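# Working through the structure, step by step
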Amino acid sequence: MKFRAKMTLWMVALLSLLFGAGGSLLISGSFQASLEREKDAAFSAHRMVWSALQIVGGLEAYLDGEAIAGTMAQLWAQNRSAWAALRLTGPEGVLYASDAVSAYPFGGAAPEAGQCVFSIGARQDGAQCLVLSGAAGTLRLETAHDISDLYAVRQAQQRTWLRVFAVMAALCAALSYTVSRVLTSQLVRLSRASRAIASGRFSSRVRVRSEDEIGAVSEDFNAMAAQMEAAIAELRGAVERQERFVGSFAHEMKTPMTSLIGYAELLRSGALTPEEQADAVGYVYSEGKRLEKLSRKLLELLVLRRQDLPLLEVSPSALIENLMERLQPLYAAKGVSLSCQCEPGLCLLEPDLVWSLLLNLTDNARKAIRNGGRIHYRLEMLPDGCRITVEDSGAGIPPEALAHLTEAFYRADKARSRAQGGFGLGLALCQEVAALHHGSMAFANRPGGGARVTAELHGGRLS
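For the structure given in this document, a descriptive report is provided here. Source: prediction; values computed, not measured. (Residues numbered from 1 in each chain as written. Predicted model: local features only at pLDDT ≥ 70, side-chain atom pairs only at ≥ 80, totals over all residues. Heavy atoms only, no water.)

### A short note on the pairing of strand 5 (residues 139–146)
- Judged by how many residues are buried, strand 5 sits mostly within the fold: 7 of 8 residues are covered.
- Pairing of strand 1 (residues 85–90) with strand 5, which is carried by 5 bridges, proceeds in the antiparallel orientation. When the bridges of strand 5 are listed, Leu88 appears paired with Leu141.
- Alignment of strand 4 (residues 128–136) against strand 5, held across 8 bridges, turns out to be antiparallel. Considered in strand 5, the bridge of Val131 is made with Ala144.
- The antiparallel pairing of strand 4 with strand 5 creates a hairpin that spans 2 residues between the two strands, and Gly137 there sits at a positive phi of about 65°. (Buried < 20%, exposed > 50% of the residue type's maximum accessible area, 1.4 Å probe, protein only. Helix = DSSP H or I, 4+ residues; strand = E, 2+ residues; numbered from the N terminus. Pairing = 2+ DSSP bridges.)

### Examining the sheet that holds strand 11 (residues 440–445)
- With respect to topology, 5 strands assemble into an open sheet ordered 7-9-10-12-11, the strand pairing being mixed. Bordering the open sheet on either side are strand 7 (336–342) and strand 11, each of which pairs with just one other strand. Neighbour to neighbour, the strand axes of the sheet diverge by 15° on average, direction disregarded.
- Strand direction decides the pairing type here: strand 11 and strand 12 (residues 451–457), joined by 6 bridges, are antiparallel. Among the inter-strand pairings, Met441 is bridged to a residue of strand 12, identified as Ala455. (Axes fitted to C-alpha atoms, helices over the stretch in contact; angles between N-to-C directions.)

### Considerations on a nonpolar patch on the surface
- A grouping of Val164, Val167, Met168, Leu171 and Leu175 is seen on the molecular surface, where their side chains present a nonpolar patch of about 440 Å² in accessible area.
- The topology assignment puts Met168 in helix 3 (residues 148–198).
- Residue class for Met168 comes out partly exposed when judged on its relative accessible area of 34%. (Patch = residues over 30% accessible without salt bridge, like charges linked within 9 Å, V, L, I, M, F, W, Y side chains within 5 Å. Areas by Shrake-Rupley, 256 points an atom, 1.4 Å probe, with all protein chains shown as cover. Salt bridge = Lys/Arg side-chain N within 4 Å of Asp/Glu carboxyl O.)

### Digging into the packing of helix 6 (residues 316–332) against helix 7 (residues 351–368)
- Interaxial distance between helix 6 and helix 7 falls to 11 Å at its minimum, and their mutual angle equals 40°. For the crossing formed where helix 6 meets helix 7, the hand is right-handed. Listed contacts from helix 7 to Leu319, Ile320, Asn322, Leu323, Arg326, Leu327 and Tyr331 of helix 6 are Pro351, Val354, Trp355, Leu358, Leu359, Thr362, Asp363 and Arg366.
- Tallied by class, residues from the contact of helix 6 with helix 7 come to 10 nonpolar, 2 polar and 3 charged. (Left-handed = near helix turned anticlockwise from the far one by under 90°. Contact = heavy atoms within 4.5 Å. Nonpolar A, V, L, I, M, F, W, Y, C, P; charged D, E, K, R; others polar.)

### Some remarks on the sheet that holds strand 5
- A sheet is described by the order of its strands in space; here 5 strands give the open sequence 2-1-5-4-3, paired in antiparallel fashion. In this open sheet, the two edge strands, each paired with only one partner strand, are strand 2 (93–97) and strand 3 (116–122). For this sheet the average axis-to-axis angle between neighbouring strands, irrespective of direction, equals 20°.
- Bridge count for strand 1 against strand 2 is 4 bridges, and the pairing is antiparallel. Residue pairing across strands places Leu88 opposite Tyr96, the latter belonging to strand 2.

And the structure:
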């Protein structure tokens, strides 16, 4: 059963309980008040009869039955509206009885002298009546009063109450269903959005229409859905990167392995001249070195992701100057100049890893320079480490490649990188080195041409 139907049933049941109890108490109270008024009127009429009889003569002196009957007949004639019937009895039997007295339930238990007893009974025709019986001395006076109108009024009130209750129950059911439908509409939308997300439409959201608890739940649902969508997108991206990694790795292995197998077959055939054998051995050796270099790079990448290496007190400016000193002759022969703008200071670094980072960044910059150019280092000391920037005057980075540079085996220029012996692992290693130093990598193109790579290392600073 839906919540709106449950709410409607509960509201109708609650209305029935409250309205029924309230209506019953109200009708019952009104009936009892009217009945008490009838009793007061009956008692007043009863006392009037005794008073009239006392005026005629003392109660113990009532020995003349005809005098008593005459007095009672006169009272009946003068106050006929006060009673429906009356009867006076003495030791010798009935002294006086009004018309149709036999139709009323007289003759109940006799009260004690000086007391009055009320009782409610029914006439022979079924109408309700109030009987008052009182005793004084040897006489007993019984009077009957018609109260059928009280019961008729009560029945009319009950019928009216039932009609009002039926209308109120119908209105309550309609209003409860409408209100519950309005209140649960947001829950219906939440359910619909949940099913949409479960079916794969992770961008589904609900519109927040209120600031109450349901609105808060809707906002939390949207926040959860946004986080889930972002997580799913990240997982998809990771799967895509993993697939690209596996594909690139297989491609990198295919070429040297094919060459090795081909030249091995030729060498096994023994049909090569000494010069061809020497060439074949040279190809086998170069491809073997290529596989060795690839395996070493992959091993370094895996090791960096699994280790938390200790950091030492190192001068990053000394590392850069030492690197420039070693590379200057080789790069000068290719028309590439090296320059540095470094601040002095000591940081907590892993020197071998930072050296590898600098070497990879410099090698990438050199590969981007085709016909001579310049590579410039800039070192800035930070409160908790240092910032190293490598700029080149090369071709720059394609905009579509900026988000993928640190992915393993990714190459912005695949043909040039392969021709120069690259695997696309250098920047991935640099990213891991920066992460071990609690830092990050940033890539950008220079306004005047060329690329700028910034590595922030937050391993700590001593001076």
